[in-house]
Amino acid sequence: MIDKQSPIPIYYQLEQHIKEKIEKGEWRPGEMIPSEREWAETYDISRMTVRQAVNNLVNDGYLVRRRGKGTFVAAKKIEQPLKGLTSFSEDMRARGMEPGTIVLRFETVPAFEKLAEGLGVTKGDDLYEVRRLRLADGLPMALETLYIPVHLVPGLTRDVVSGSVYEFIEKETGLIIGSAVQTLEASVARKLEAEHLQVKEGAPVLLLERRTCLDDGRPMEIVKSVYRGDRYKFMIEMERGGV
C-alpha cells in the first residue's frame, strides 16, 4: 500500500488509504483506528509521517482524537443543501435523525439600532431574544441566537422555543413564512461557543446569519447560528446559465 519509491509523499499515501477505508465503510463511525506506533511498525515509516497523515484527516473531519483513548472515525457530516427554507428540526427529521433543543436563554429585550433596522421595527421595541443549543440524536450541532419582534408572535414561550419555532408560527398564528436571505462564512469557535458545542476554543465552525420574512414581506426573524465544522457541511447546487 505504501510505495516508498513513488514521488507521492508517504504521508499522503497513508492519508488516502485511511480515507478510502472510511469512505468504503470498512471502518465505521466511532471505530478506533490503529495507533501511530502500529502504523509506523506495519509500514516501516516514521511516527512523524503517520502523525501528519492523521492530523490532516482530523482537520478534514474524517477522524477525531479522544484524549487518553486514541483516534476514532468521526461521525459522518450532515449535508445541508443551501436551497429551500426549512427549520433545523425539519432538516434533521428529513435525515432520519431526532432533533433536540436546549434553551439557554429566553428573554424580552429592547431592539438596538441595527436589529431594529433589520427587523423593520422602532429602536427600543420589544424583541424576543432566544439562545438555543440544537442537537441531532443527542449530539450538539449548532448554537443559535435569534430575534423575533414580540408584536408579531405574542404567544411565544420558553416551551414553544424548545421545539420548532417555524412550525409554531405557521400552525398557531396563521402567519406564513415566505423567504430568507442568509450568509455563510468560515469562523472559529469562541469560548462560549466551544463550551456548548463541545469543541476546543478556536476549532473551525460555520457561521450562518439569516434574515427571514413573511410572505407579505414583513421581516420576522434575524438569526445567527454557529455550526460545528466537523459535523456539518453545506451543499450548493448550481446551473450554468446561457452565455
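Take the confidence of the model for the protein next. Per-residue confidence for the protein gives a mean pLDDT of 86, with 91% of residues at or over 70. Confidence scores differ between elements of the protein, with strand β3 (residues 78-81) showing the lowest mean pLDDT of 60 and helix α5 (residues 113-119) the highest of 94.

Right, let's get into the pattern of salt bridges. Taken as a whole and judged by the stated rule, the model has 11 salt bridges. A salt bridge links Lys 24 to Glu 20, with the nearest nitrogen and oxygen atoms 2.7 Å apart. As a salt-bridge pair, Arg 37 and Glu 41 come within 3.4 Å of each other at their nearest N and O atoms. Within this pair, Arg 37 and its partner Glu 41 are both found in helix α2 (residues 36-43), separated by four residues, close to a single helical turn. A relative accessible area of 57% places Glu 41 in the exposed class. Salt bridges sharing common partners tie together Arg 105, Glu 107 and Glu 129.

Restricting attention to buried positions, one finds in α2 the residues Glu 36, Trp 39 and Ala 40. Buried residues of α2, viewed axially, fall in a sector of 95 degrees; they line one side. Across from the buried face of α2, at angles greater than 90 degrees, the exposed residues are Glu 41 and Thr 42. Immediately downstream of α2, the backbone of Asp 44 shows phi near 55 degrees, a positive value.

Let us look at the sheet that holds strand β9 (residues 219-228). The strand order β4-β5-β6-β9-β8-β7 describes an open sheet built from six strands, whose pairing is antiparallel. Each edge of the open sheet is held by one strand with a lone partner, namely β4 (99-110) and β7 (177-188). Each strand axis lies, on average, 15 degrees off the axis of its neighbour in the sheet, ignoring direction. Pairing between strand β5 (residues 126-136) and strand β6 (residues 139-149): 10 bridges, direction antiparallel. The residue of β6 that forms the bridge with Arg 131 is Thr 145.

Buried residues of helix α7 (residues 165-173): Val 165, Tyr 166, Phe 168 and Ile 169, and no others. Down the axis, α7 shows its buried residues gathered within 165 degrees of arc, on one side only. Looking at the buried residues of α7, the elements they touch are β5, β6, α6 (158-161), β7, β8 (204-214) and β9. One side-chain oxygen of the residue at the start of α7 lies 3.2 Å from the amide nitrogen of Glu 167, identifying that residue as Ser 164. Trailing α7 by a residue or two, Gly 174 shows a phi angle of about 80 degrees, which is positive.

Further remarks concern the nonpolar core. Inside soluble globular proteins, nonpolar side chains tend to come together where they are buried. Ranked by size, the top nonpolar core spans 19 residues in total, and within it Ile 148, Val 153, Leu 156, Ile 169 and Met 220 carry the most contacts. Ranked by residues supplied to this core, first place goes to α7 with four residues. For Leu 156, the residues in contact, after removing those within four places along its chain, are Phe 106, Tyr 128, Ile 148, Val 161, Val 165 and Phe 168. Formed by 15 residues, the second largest nonpolar core is a distinct cluster that contains Ile 18, Ile 22, Trp 27 and Val 73.

Right, let's talk about unusual backbone geometry for a bit. Here the phi dihedral of Asp 137 falls at roughly 55 degrees; this positive angle occurs in a residue that is not glycine. As for its placement among the helices and strands, Asp 137 is situated in the loop between β5 and β6. Using a relative accessible area of 46% as the deciding quantity, one classes Asp 137 as partly exposed. The phi angle at Gln 198 is positive, at roughly 60 degrees, despite the residue not being glycine. Locating Gln 198 in the fold gives a position in the loop between α8 (191-197) and β8. Take Gln 198: its relative accessible area is 59%, and that puts it in the exposed class.

What counts as what
- Residues numbered from 1 in each chain as written.
- Predicted model: local features only at pLDDT ≥ 70, side-chain atom pairs only at ≥ 80, totals over all residues.
- Heavy atoms only, no water.
- pLDDT = per-residue confidence, 0-100.
- Helix = DSSP H or I, 4+ residues; strand = E, 2+ residues; numbered from the N terminus.
- Salt bridge = Lys/Arg side-chain N within 4 Å of Asp/Glu carboxyl O.
- Buried < 20%, exposed > 50% of the residue type's maximum accessible area, 1.4 Å probe, protein only.
- Arc of directions from axis to C-beta.
- Pairing = 2+ DSSP bridges.
- Axes fitted to C-alpha atoms, helices over the stretch in contact; angles between N-to-C directions.
- Contact = heavy atoms within 4.5 Å.
- Polar contact = N/O pair within 3.5 Å; in protein donor to acceptor, adjacent residues only side chain to side chain.
- Core = buried A, V, L, I, M, F, W, Y, C linked by side-chain atoms within 4.5 Å.

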